[in-house]
Amino acid sequence: MTTSPADPPKGAGRDGQVLKLLAVTACPTGIAHTYMAAEKLAQAARALGHEMKVETQGSIGAENILSDNDVRGADVVIIAADKDVDLSRFAGKRVLTVGVAEGIRHPERLIEQAQSAPVYGGGEADGAGTGGGAAAAAAGGGGGKERSVTYKALMNGVSYMIPFVVVGGLLIAISLAVGGHPQADGGLVIPEGSFWKHVNDIGVIGFTLMVPVLSGYIAYAIGDRPALVPGMIGGWIANTGALYDSKAGAGFIGAIVTGFLAGYLVQWIKKVEVPAFVRPIMPIIVIPIVATTALGLFFLYVIGRPISWVFTHLTGWLGGMTGSSAVLLGAILGLMIAFDMGGPVNKTAFLFGAGLIASGNQTVMGMCAAAIPVMPLGQGLATLIRRRLYSEQERETGMAALFMGLFGISEGAIPFAAARPAQVIPANMLGGAVAGAAAGTAGVTDAVPHGGPIVAVLGAVGGVPVFFLAVAIGTVVTALTTVTLVDVAERRKGNAAAASLSPVPALAGEGDGVGVVAGGAGVVASAGAGGRVGADAGAGAAGGAATATLAKASVAEARTDTAEARTEEKASDGDGDPAGVGEPAGDKAPAGDGDQVLSGYLTEQTVRTQLAAGEKEAAIREMAELAAGTGKVADVAELVRVALAREAQGTTGLGEEIAIPHAKTDAVTAPVVGFARSADGIDWGSPDGTPAKLVFLIAVPEAAAGDEHLRILALLSRKLMDTGFRARLQGAEDKAAILRTLGEIH
């Protein structure tokens, strides 16, 4: 749908024309940023006297969806998102695109900037607009956006690639397991023309497509639809070494390179001024043809030749090492096998080992065979031992990777390496080197050009016990190194996000994809007087639900709020009390029967006016015992352990004297929420340094984690932005008053 551009009205706002604003907020996998950005934008619009409707997007889909009529009547559109948002429906409108954190930090400034934002031509419509993805983000301004674009593009490619890896890998593994016939040398052969050979062929097609898909959807996230074709064709070229005289393609690393090259090339072509009569064919003919041709030739003549050179010289170098130390050779082969999993370095090591089998030297292939399964097995094991570091999709991929690893399909680890290359690739290489060195030390042999436990089971391996020991050690090393590096990286990102979002409310650990809670809410603000900003909340599961950290202004800064900020606060509170410390006004939601809130999960039994504990662990234990009084806690010690394990990943202290420890565990039989206050406060490691005086404990069983856990967190994250609400909660005299105040959460 195309509408005419809306010129910024003059004097809009409290003393002039009321603007009709639209906004879309979204996080890669999170709910809290989505809610908070929507709430802040709605509050700012109300305070400035404008109308605003906010669409929120989560993994369960969009809510409070902007209709065609909404778009047609809008003056400007604000996109505050850290994931791709389809901009084609806003063609002809002034569109400002920024990260979701900007919607939380500077909502008033965004509304002002949006009035002079460029008109989105929609790369699809005329080929001359800014397009989606990176171009729009760059137009939105603000420092630090480029990293977000890169991250989003990479994750977009990985998310589309994962089904191809899983389907292709599992079909190959199943066909080998069921239809493979053992050979005298210990290998497996599937008879030509058989049913299982056809199943195997289908799996091979899936594996063949995964690299172009990765490249294509990285490009799509940057340059929109015109970049999809050059991205996919570029990925196919990268993976087909025969096109540039190499025995091995560039694999998934080459696909990442071609994906980004295609995306940014298309983005650059879109900026070229062309005659009006050419614009309609730009996105469907000119851009794809020019970009595909340029990228393909560039890879063949510029990038491909060095890859072929590397392959040739690595093979010669390895040939000169055959008489050296078996431990050193095994470690080097393990490093190479694990580096790019199907790329030129991996293929060089594999083909080197396979080529020596015919000459009677089976020990080199034995080293390779031990290293081959370590990557998928190690990454799969990592998702089991530190589940909370991974999304639900990643955990499912981890299970598939474990199965693929048993059959020597190293590509099962590619989704993890593509998503977190700086952490996963070094861990893979370390584990592969350990496995290869161990196999070399013991003189393990392999009579077939394949690896993994399957070849040992079928009798192709000599020195089976040591082979399995080498694989096991390499797998454990890979898993432990991975979780350590990922944990360190996530902590650093969380701390950086918390620092960058001070001094305004924001959730650390989501802007770059670290947060892993999902859902969506719709918020609509209107310009009339009185009334609370309405919100429709919804939550859903994605990415292994966990929360992130709330970073807000220091207490000193909070005490020096401007008059405009106080106006915004009143808009949020919906009453006439600027300080927000009086009793709830008539438009506040009542607490129902006065003894339970949050669907009855928080009751008088789970409220404590004062905590006796003075430090975090003791406070969590005290609140777990409080929750046990409901009869819903089967194992208090386990509940405490899980909650403390969550704290070890990153503090649940939100700042502003608030903490929300939480646990997903079957130590509870039903969802339960507790609340307690601490007079002196407890050091919770909050980003703003304030001690926690308001503490909520959320505990849900695993089966309910994807639903209730997220819904409760969504409600709390939205309401706790209200300074008046926090003041009323602090000042409540007894349990009844506390419950009345908490009854405002709905």
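Reading the values: the criteria
- Residues numbered from 1 in each chain as written.
- Predicted model: local features only at pLDDT ≥ 70, side-chain atom pairs only at ≥ 80, totals over all residues.
- Heavy atoms only, no water.
- Helix = DSSP H or I, 4+ residues; strand = E, 2+ residues; numbered from the N terminus.
- Contact = heavy atoms within 4.5 Å.
- Areas by Shrake-Rupley, 256 points an atom, 1.4 Å probe, with all protein chains shown as cover.
- Patch = residues over 30% accessible without salt bridge, like charges linked within 9 Å, V, L, I, M, F, W, Y side chains within 5 Å.
- Salt bridge = Lys/Arg side-chain N within 4 Å of Asp/Glu carboxyl O.
- Phe/Tyr/Trp six-rings, centres within 6.5 Å; stacked < 30°, edge-to-face > 60°.
- Buried < 20%, exposed > 50% of the residue type's maximum accessible area, 1.4 Å probe, protein only.
- Axes fitted to C-alpha atoms, helices over the stretch in contact; angles between N-to-C directions.
- Parallel < 35°, antiparallel > 145°, perpendicular 65-115°, else oblique.
- Left-handed = near helix turned anticlockwise from the far one by under 90°.
- Nonpolar A, V, L, I, M, F, W, Y, C, P; charged D, E, K, R; others polar.
- Core = buried A, V, L, I, M, F, W, Y, C linked by side-chain atoms within 4.5 Å.
- Pairing = 2+ DSSP bridges.
- Expected span 1.5 Å × (residues − 1).
- pLDDT = per-residue confidence, 0-100.

Draft legend 1. Just the overall build of the chain, in detail. Check the secondary structure of the chain and you find 27 helices and 21 strands. By sequence separation, contacts in the chain at least 24 residues apart represent 74% of the contacts at least 6 residues apart. When the accessible area of the chain is evaluated, it comes to approximately 27200 Å², of which 60% is carbon and sulfur surface.

Draft legend 2. Inspection of a nonpolar patch on the surface at higher detail. On the surface, V257, L261, L297, F298, Y301 and V302 cluster together to form a nonpolar patch covering roughly 520 Å² of accessible area. Breaking the nonpolar patch down by element, the ones donating at least two residues are α10 (251-270) and α11 (282-319). With 4 residues, the single largest contributor to the nonpolar patch is α11. Within the element layout of this structure, V302 appears in helix α11.

Draft legend 3. Quick peek at the packing of aromatic side chains. Tallied over the full model, the rule gives 9 aromatic pairs. Aromatic side chains F467 and F468 sit 5.7 Å apart centroid to centroid with 75° between the ring planes, which places their arrangement in the edge-to-face category. Centre to centre, the rings of F675 and F696 are 4.8 Å apart; their planes meet at 45°, and the pair counts as tilted. You can see F675 sitting in strand β20 (residues 672-682) and its partner F696 sitting in strand β21 (residues 692-700), a full 21 residues away along the chain. The pair formed by F675 and F696 is uniform in burial state, with each residue classed as buried. Every member of this aromatic cluster is reached through a ring pair, and the members are Y160, Y217 and Y220.

Draft legend 4. Region of the structure containing the pattern of salt bridges. Under the criterion given, the structure shown has 13 salt bridges. The partner of E744 in a salt bridge is R728, and the shortest N-O contact between them spans 2.7 Å. Of this pair, E744 sits in the segment after α27 (735-742) while R728 sits in helix α26 (residues 723-731); the two residues are 16 residues apart in sequence, bridging distant segments of the chain. Taken individually, E744 and R728 each receive the classification buried, so the pair is uniform in this respect.

Draft legend 5. Expanded view of the packing of helix α9 (residues 228-239) against α11. Where α9 meets α11, the closest approach of the two axes is 8 Å, and the angle between their N-to-C directions is 20°. When the axis of α9 is compared with that of α11, the two are roughly parallel. When you trace α9 past α11, the crossing you get is right-handed. Residues V229, P230, I233, G234, I237 and A238 of α9 lie in contact with α11, whose contacting residues are P288, A291, T292, L295, G296, F299 and L300. A class-by-class count of the residues in the contact of α9 with α11 yields 10 nonpolar, 3 polar and no charged.

Draft legend 6. Local environment of the environment of R728. Judged by its relative accessible area of 6%, R728 falls in the buried class. Placed 12 residues apart in sequence, R728 and R740 show a C-alpha to C-alpha distance of 9.8 Å.

Draft legend 7. Looking closely at the nonpolar core. Counting 78 residues, the largest nonpolar core has L214, I218, F252, I256, L333 and F467 as the members making the most contacts within it. At 10 residues, the largest contribution of residues to this core is made by helix α7 (residues 145-179). For L333, the contacting residues outside a window of four places in its chain are L318, A349, F352, V364, M367 and C368.

Draft legend 8. Local environment of the pairing of strand β1 (residues 20-26). Taking burial as the measure, the 7 residues of β1 include 6 buried ones, the bulk of the element. As judged from the 6 bridges shared by β1 and strand β4 (residues 76-81), these two strands associate in the parallel manner. Looking at β4, one finds that T25 is bridged to A80.

Draft legend 9. Just the environment of L384, in detail. When you line up the elements, L384 lands in helix α15 (residues 374-385). Residue classification places L384 among the partly exposed positions, given a relative accessible area of 40%. A sequence separation of 14 residues divides L384 from G398, and the C-alpha atoms of the two residues are 8.0 Å apart. Contact partners of L384, with chain neighbours within four places excluded, come to M399 and L402.

Draft legend 10. Spatial organisation of α15. The terminal C-alpha atoms of α15 lie 16 Å apart, and with 12 residues this matches the ideal 16 Å at 1.5 Å per residue to within 8%. The buried fraction of α15 amounts to 9 of the 12 residues, a majority that puts the element mostly inside the structure. Within the span of α15, buried status applies to V374, M375, P376, L377, G378, Q379, G380, A382 and T383.

Draft legend 11. Region of interest: unusual backbone geometry. The backbone phi angle of D224 is positive, close to 70°, even though this residue is not glycine. Secondary-structure assignment places D224 in the loop between α8 (195-223) and α9. Classification of D224 by relative accessible area gives buried; the value is 13%.

Draft legend 12. Spotlight on the side chain of K197. Among the structural elements, K197 can be located in helix α8. Among residues more than four places away in sequence, those in contact with K197 are I190, P191 and E192.

Draft legend 13. Fine view of the packing of α10 against α11. Put simply, α10 and α11 touch, their axes get as near as 10 Å, and they point 135° apart. On the basis of their axis angle, the class for α10 and α11 is oblique. Between α10 and α11 the crossing geometry is right-handed. Counted together, V257, T258, L261, A262, L265, V266, I269 and K270 of α10 and M282, I287, V290, A291, A294, L295, F298, F299 and I303 of α11 form the full contact between these two elements.

Draft legend 14. Representation of the confidence of the model for the chain. Mean pLDDT over the chain: 75, with 74% of residues reaching 70 or higher. Below a pLDDT of 50 lies the segment residues 1-12, which in the model reaches 32 contacts outside its immediate sequence neighbourhood of four places, other chains included. Within the model, the stretch residues 122-147 combines pLDDT values under 50 with 60 contacts to residues more than four positions away or in other chains.

Draft legend 15. Structural context of the pairing of β21. With 8 of 9 residues buried, β21 is to be regarded as a mostly interior element. Sheet analysis places strand β18 (residues 658-659) next to β21, joined by 2 bridges and oriented parallel. Its bridge partner being in β21, A659 is matched across the sheet by V695. Relative to β21, strand β19 (residues 662-664) runs parallel, the two sharing 3 bridges. In the strand pairing of β21, A663 is matched with A699. Note that β20 and β21 share 7 bridges and pair antiparallel. When the bridges of β21 are listed, A676 appears paired with V695.

Draft legend 16. Molecular detail of the environment of T665. Counting through the fold element by element, T665 comes out in the loop between β19 and β20. Counting along the chain gives 37 residues from T665 to E702, while the straight-line C-alpha distance between them is 5.3 Å.

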